Amino acid sequence: IAPGLSEAQQTKVDELEKEIASAKSDTAKFSLLLYVTNFYDAKDSLKAFQNCWEAMGIAQARDDDAMQGRALNQIGKKYFDYSNSDKALTYYEKAVEKFTAAGDKIFIAKVYTNMGHAYHMKSKYDKALELYFSAMKIYEAEGDKRGIARIYISLSNVYNRMDLSEKQREVLEKGLALAEE
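Residues numbered from 1 in each chain as written. Predicted model: local features only at pLDDT ≥ 70, side-chain atom pairs only at ≥ 80, totals over all residues. Heavy atoms only, no water.

Colleague: Can you lay out the packing of helix α8 (residues 145-161) against helix α9 (residues 165-180) for me, pointing to particular residues and giving the numbers?
Modeller: Packing of α8 against α9 leaves a shortest axis separation of 8 Å and a crossing angle of 160°. Viewed along their axes, α8 and α9 adopt a mutual orientation that is roughly antiparallel. α8 and α9 meet at a crossing whose hand is left-handed. Contacts between α8 and α9 involve K145, I148, A149, Y152, I153, L155, S156, Y159 and N160 from the former and K167, Q168, V171, L172, K174, G175, L178 and A179 from the latter. Taken together, the residues of the contact of α8 with α9 sort by class into ten nonpolar, four polar and three charged. (Axes fitted to C-alpha atoms, helices over the stretch in contact; angles between N-to-C directions. Helix = DSSP H or I, 4+ residues; strand = E, 2+ residues; numbered from the N terminus. Parallel < 35°, antiparallel > 145°, perpendicular 65-115°, else oblique. Left-handed = near helix turned anticlockwise from the far one by under 90°. Contact = heavy atoms within 4.5 Å. Nonpolar A, V, L, I, M, F, W, Y, C, P; charged D, E, K, R; others polar.)

Colleague: Describe the packing of helix α7 (residues 125-142) against α8, and please don't skip the residues or the numbers.
Modeller: As a packed pair, α7 and α8 sit with axes 9 Å apart at the nearest point and diverge in direction by 165°. Relative to α8, the element α7 is oriented roughly antiparallel. Where α7 crosses over α8, the two elements pack in a sense that is left-handed. Along the contact surface, α7 presents Y125, A128, L129, Y132, F133, A135, M136, Y139 and E140, while α8 presents G147, I148, R150, I151, Y152, S154, L155, V158, Y159 and R161.

Colleague: Talk me through the layout of surface pockets; I want residue IDs and the actual numbers.
Modeller: Estimates place the volume of the largest pocket at around 260 Å³. Elements supplying a minimum of two residues to the lining of the largest pocket: α2 (26-36), α4 (65-81) and α6 (105-121). Of the residues forming the lining of the largest pocket, the biggest block, five residues, is contributed by α6. Split into classes, the residues belonging to the lining of the largest pocket amount to three nonpolar, six polar and three charged. (1 Å grid on protein atoms, 1.4 Å probe; cavity = no way out; pocket = protein on both sides within 12 Å on 5 of 7 lines; lining within 4 Å. Points joined across faces, edges and corners; volume = space filled by probe spheres on them.)

Colleague: An account of the environment of G69 is requested, with residue identities and associated values reported.
Modeller: With respect to the helices, strands and loops of the structure, G69 is situated in helix α4. Residues G69 and E93, 24 residues apart in the sequence, show an inter-C-alpha distance of 9.6 Å. Sequence-distant contacts of G69, that is, excluding residues within four places in its chain, are made with A95, K98 and F99.

Colleague: Can you lay out the side chain of S85 for me, pointing to particular residues and giving the numbers?
Modeller: Among the structural elements, S85 can be located in helix α5 (residues 85-102). S85 sits in the buried class, given a relative accessible area of 6%. (Buried < 20%, exposed > 50% of the residue type's maximum accessible area, 1.4 Å probe, protein only.)

Colleague: Account for the packing of aromatic side chains, with residues named and values stated.
Modeller: What the rule picks out here adds up to six aromatic pairs. For the pair Y35 and F39, a centre-to-centre distance of 5.3 Å together with 80° between the ring planes defines the contact as edge-to-face. Taking relative accessible area as the criterion, Y35 reaches 37% and is therefore assigned partly exposed. Taken together through their ring pairs, the aromatic side chains of F49, W53, Y79, Y82 and Y91 make up a single cluster. Over the ring of Y119 we find K127; its NZ or CZ atom is 6.0 Å from the centre of that ring. (Phe/Tyr/Trp six-rings, centres within 6.5 Å; stacked < 30°, edge-to-face > 60°. Lys NZ or Arg CZ within 6 Å of the ring centre and 35° of its normal.)

Colleague: Talk me through the environment of R70; I want residue IDs and the actual numbers.
Modeller: Within the element layout of this structure, R70 appears in helix α4. Since its relative accessible area comes to 29%, R70 is described here as partly exposed. Considered as a pair, R70 and S31 are 39 residues apart in the sequence and their alpha carbons are 9.2 Å apart. Setting aside chain neighbours within four positions, we find R70 in contact with F30, S31, L34, F99 and F107.

Colleague: Before we move on, could you go through the nonpolar core and cite the residues and values that matter?
Modeller: By size, the foremost hydrophobic cluster in this structure holds 53 residues, and its most contacted members are F30, Y92, V111, M115, I151, Y152 and L155. Contact partners of Y92, with chain neighbours within four places excluded, come to N73, G76, K77, F80, V111, N114, M115 and A118. (Core = buried A, V, L, I, M, F, W, Y, C linked by side-chain atoms within 4.5 Å.)

Colleague: Tell me about helix α1 (residues 7-21), and name the residues and values.
Modeller: If you check α1, its first and last C-alpha atoms are 21 Å apart, about what 15 residues at 1.5 Å a residue would give, namely 21 Å. Every buried residue of α1 is listed here: Q10, V13, L16 and I20. Each buried residue of α1 lies within a common arc of 130° when the element is viewed along its axis, so the set occupies one face. Opposite the buried face of α1, at more than 90 degrees from it, the exposed residues are E7, A8 and K18. Here the buried face of α1 lies against α2. (Expected span 1.5 Å × (residues − 1). Arc of directions from axis to C-beta.)

So, in C-alpha cells, the structure goes:
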C-alpha cells in the first residue's frame, strides 16, 4: 500500500492504473488519467501531476481545446488540493482560456467555481464572491440547477467567513431548496 492511501483507495488506484495501461483509445486513457488523480493524496502528488501532464499531452496531440481545458483544470485542482492556491489559479486561468475557445460554458462555470474556492482559501472573499456569481450566471443561463445549488453552498461558506450570518442563512436555504427539487 502506498503511504497515506487506505487499502480501498489503493485497490481503486490499482484498478484504474490497469485500465489506463489497457485503454484502447486516447480519449479513454485521457479520462482515466485525470480521474485517478482524485485518489492520490499529497504523498503521491508527483504521480498525480505526471498523470495530468500525460493527459495534457494527449489533449495537445489531438489539438482539442476542451480536453486541454480539462487537463489544466485538473492540474489546478491538484495544486489547490496540495494548498498552493496561487499555482492553482494560474492553471485555472489557462483552463478558462481553453474552455472559452471550445465554447464550453458549463466547464467555464466549473473553473470559475474552482477559482472562487482558491480565492476563498486566500481569504480574498470579494474576489471569491465575484467568481461564484459569474459561475451562477452561467449555470442559470444553462438551466443547471445542481450547479446553482453548489454555488449557493459555496456562497454560504464565504458569507460565514465574512461573519454575514443573515446572508449565509439566506443562500444556504436557497441552495438546499434547489437540491431538494
